Amino acid sequence: MNHLNSIILEGNVTRKPEVRQFDNGTSVCKIGIAVDRSYRNQDGSFSNEVSFFNVDLFGKYAQQYAEKISIGRGIRIIGRIKQERWTTADGKNNSRVTVVAEHIYLKPIIKKDTDSTDDTIDVDTTTVSSDTQELADLAEAQQAVVF
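Residues numbered from 1 in each chain as written. Predicted model: local features only at pLDDT ≥ 70, side-chain atom pairs only at ≥ 80, totals over all residues. Heavy atoms only, no water.

A word on the overall build of the chain
The helix and strand tally for the chain stands at two helices and nine strands. Secondary structure elements of the chain occur, N-terminal to C-terminal, as β-β-β-β-α-β-β-β-β-β-α. The buried share of the chain, taken over its 147 residues, is 31%. Accessible surface, the chain: about 10000 Å² in total, of which carbon and sulfur atoms supply 47%. (Helix = DSSP H or I, 4+ residues; strand = E, 2+ residues; numbered from the N terminus. Buried < 20%, exposed > 50% of the residue type's maximum accessible area, 1.4 Å probe, protein only. Areas by Shrake-Rupley, 256 points an atom, 1.4 Å probe, with all protein chains shown as cover.)

Quick notes on the pattern of salt bridges
Per the counting criterion, the structure on display carries six salt bridges. With its nearest N and O atoms 2.6 Å apart, the salt bridge here joins E10 to R76. You can see E10 sitting in strand 1 (residues 7-13) and its partner R76 sitting in strand 5 (residues 74-87), a full 66 residues away along the chain. Judged by its relative accessible area of 35%, E10 is partly exposed. Here R76 falls in the partly exposed class, since its relative accessible area comes to 36%. Put simply, R96 and E84 hold a salt bridge, and the shortest N to O gap is 3.0 Å. On the criterion of sequence distance, the pair formed by R96 in strand 6 (residues 93-106) and E84 in strand 5 is long-range, its members being 12 residues apart. (Salt bridge = Lys/Arg side-chain N within 4 Å of Asp/Glu carboxyl O.)

Section: helix 1 (residues 61-68)
Within helix 1 the residues assigned to the buried category are Y61, A62 and Y65. Looking straight down helix 1, one finds that the buried residues subtend no more than 100° of arc, so they occupy a single side. (Arc of directions from axis to C-beta.)

Looking at the nonpolar core
Ranked by size, the top nonpolar core spans 19 residues in total, and within it I31, I33, I75, I77 and I104 carry the most contacts. Every element with two or more residues in this core is listed here: strand 1, strand 3 (27-40), strand 4 (46-58), helix 1, strand 5 and strand 6. Those residues in contact with I77 that sit more than four places away from it in its chain are I7, I8, L9, I31, I33, V55, V99, A101, H103 and I104. (Core = buried A, V, L, I, M, F, W, Y, C linked by side-chain atoms within 4.5 Å. Contact = heavy atoms within 4.5 Å.)

Quick notes on the side chain of D56
Relative to the elements of secondary structure, D56 occurs in strand 4. Looking at D56, the relative accessible area reads 2%, which means it is buried. For D56, the side chain forms a polar contact with the side chain of K30, separated by 3.2 Å. (Polar contact = N/O pair within 3.5 Å; in protein donor to acceptor, adjacent residues only side chain to side chain.)

As for the environment of F58
Note that F58 resides in strand 4. Sequence separation between F58 and S27 is 31 residues; the distance between their C-alpha atoms is 5.7 Å.

And the structure:
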């Protein structure tokens, strides 16, 4: 029985997407995002904390997102957490937690037309998501991939 492993993150892209293709043909797009949280301290003042996450997107959307995602772009990720473990040559145990994206929604980019005298706004509302069968196929492909 699978246990619940689900996460929703909303933040901003912190680095340029990296796309790699494995020998079996599976592509992966790796991005970083920053998620802010504001809270009130005991003394009544506000503080801000920022958490950084590494996100992997597998399959045919990897290349498509690499072309659409830019540093600073607002993004919402729905996915699952994956822990990778390995031992170095000197016997030291290491681990890393990443988020495997199952759905990604890009927040709109609002651009003012600088060549025009009016305040025309161009909105890019690109959203790409995948269906259940494709997610199952990607999960199978990912299990075959060794990092």
